[in-house]
Amino acid sequence: MAWTMAKWPSAWQLSTLLLAVGWALSFSVMTACAATANLAAKYLNPQLTATHTMPLALMTFTTGLTNVILPLLFRRLGRWPTYVLATAMGLAGSFLCLIAIQLASSLA
């Protein structure tokens, strides 16, 4: 059976589908990051204390803060510089976590 134009989704259906898939992927990555943050915190602090969930709390707070600040940065800097800045900050945070884990494992 050949495809006709009537069988193709309309523009709003395709946009809605792409948006839904994007959000699903985003939340699956966020869940994986939350699990990784909890596992890293458990490794760095074997005793079950209140600081065990601190990385997850900070990650959730900074994600919300970024969602508030991002439109302001888009307006002030433009899209490309904002993405470059956010990528640089993400890389710096990742390297900071890597150094902290290396130091904690060498001191233990």
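Everything below is about the structure printed above this text.
Computed from a predicted model, the values in this text were never measured in an experiment. (Residues numbered from 1 in each chain as written. Predicted model: local features only at pLDDT ≥ 70, side-chain atom pairs only at ≥ 80, totals over all residues. Heavy atoms only, no water.)

Peer 1: Can you break down the overall build of the protein chain residue by residue, with the values?
Peer 2: Along the backbone of the protein chain there are three helices and zero strands. Beginning at the N terminus, the succession of helices and strands in the protein chain can be written as α-α-α. In the protein chain, which comprises 108 residues, the proportion classed as buried is 6%. A total of about 9,000 Å² of accessible surface is found on the protein chain, and carbon and sulfur atoms cover 77% of it. (Helix = DSSP H or I, 4+ residues; strand = E, 2+ residues; numbered from the N terminus. Buried < 20%, exposed > 50% of the residue type's maximum accessible area, 1.4 Å probe, protein only. Areas by Shrake-Rupley, 256 points an atom, 1.4 Å probe, with all protein chains shown as cover.)

Peer 1: Tell me about the packing of helix H2 (residues 54-77) against helix H3 (residues 79-107), residues and numbers included.
Peer 2: At a minimum axis distance of 7 Å, the contact between H2 and H3 shows a crossing angle of 125 degrees. With respect to H3, the element H2 is oriented oblique. Note that H2 runs across H3; the crossing there is right-handed. Residues Leu70, Leu73, Phe74 and Leu77 of H2 form the contact with H3, whose participating residues are Arg79, Pro81, Thr82, Tyr83 and Leu85. The class makeup of the residues in the contact of H2 with H3 is seven nonpolar, one polar and one charged. (Axes fitted to C-alpha atoms, helices over the stretch in contact; angles between N-to-C directions. Parallel < 35°, antiparallel > 145°, perpendicular 65-115°, else oblique. Left-handed = near helix turned anticlockwise from the far one by under 90°. Contact = heavy atoms within 4.5 Å. Nonpolar A, V, L, I, M, F, W, Y, C, P; charged D, E, K, R; others polar.)

Peer 1: Now, about the side chain of Thr82: what can you tell me, with residues and values included?
Peer 2: Among the secondary structure elements, Thr82 is positioned in helix H3. When residues no more than four places from it in sequence are discounted, the contact partners of Thr82 are Leu70, Leu73, Phe74 and Leu77.

Peer 1: With reference to specific residues and values, describe the environment of Cys97.
Peer 2: Along the chain, the position of Cys97 falls in helix H3. For Cys97, a relative accessible area of 48% corresponds to the partly exposed category.

Peer 1: Could you give me a rundown of the packing of aromatic side chains, with the residues and numbers involved?
Peer 2: Enumeration over the complete set of coordinates arrives at two aromatic pairs. Between Trp23 and Phe27 the ring centres are 5.3 Å apart and the planes differ by 25 degrees, which places this aromatic pair in the stacked class. Pair noted here: Trp23 and Phe27 are both in helix H1 (residues 11-44), with a separation of four residues, about one helical turn. The class of Trp23 is partly exposed, set by a relative accessible area of 47%. The exposure class assigned to Phe27 is partly exposed, which follows from its relative accessible area of 42%. Taking the centre distance of 5.5 Å and the plane angle of 65 degrees together, the rings of Phe74 and Tyr83 count as edge-to-face. Among the residues examined, Phe74 registers a relative accessible area of 23% and is labelled partly exposed. (Phe/Tyr/Trp six-rings, centres within 6.5 Å; stacked < 30°, edge-to-face > 60°.)

Peer 1: An account of a nonpolar patch on the surface is needed here, citing residue identities and associated values.
Peer 2: Taken together, the side chains of Leu14, Leu17, Leu18, Val21 and Leu25 make up a nonpolar region of the molecular surface, amounting to roughly 490 Å² of accessible area. Turning to its location among the elements, Leu25 is positioned in helix H1. (Patch = residues over 30% accessible without salt bridge, like charges linked within 9 Å, V, L, I, M, F, W, Y side chains within 5 Å. Salt bridge = Lys/Arg side-chain N within 4 Å of Asp/Glu carboxyl O.)

Peer 1: So what's going on with H2? Which residues, and what values?
Peer 2: The sharpest bend along H2 measures roughly 35 degrees and falls at Ile69, with the proline Pro71 sitting one to four residues further on. One or two residues past the end of H2 sits Gly78, with phi positive at roughly 100 degrees. (Bend = angle between axes of the 7 residues up to and from the residue.)

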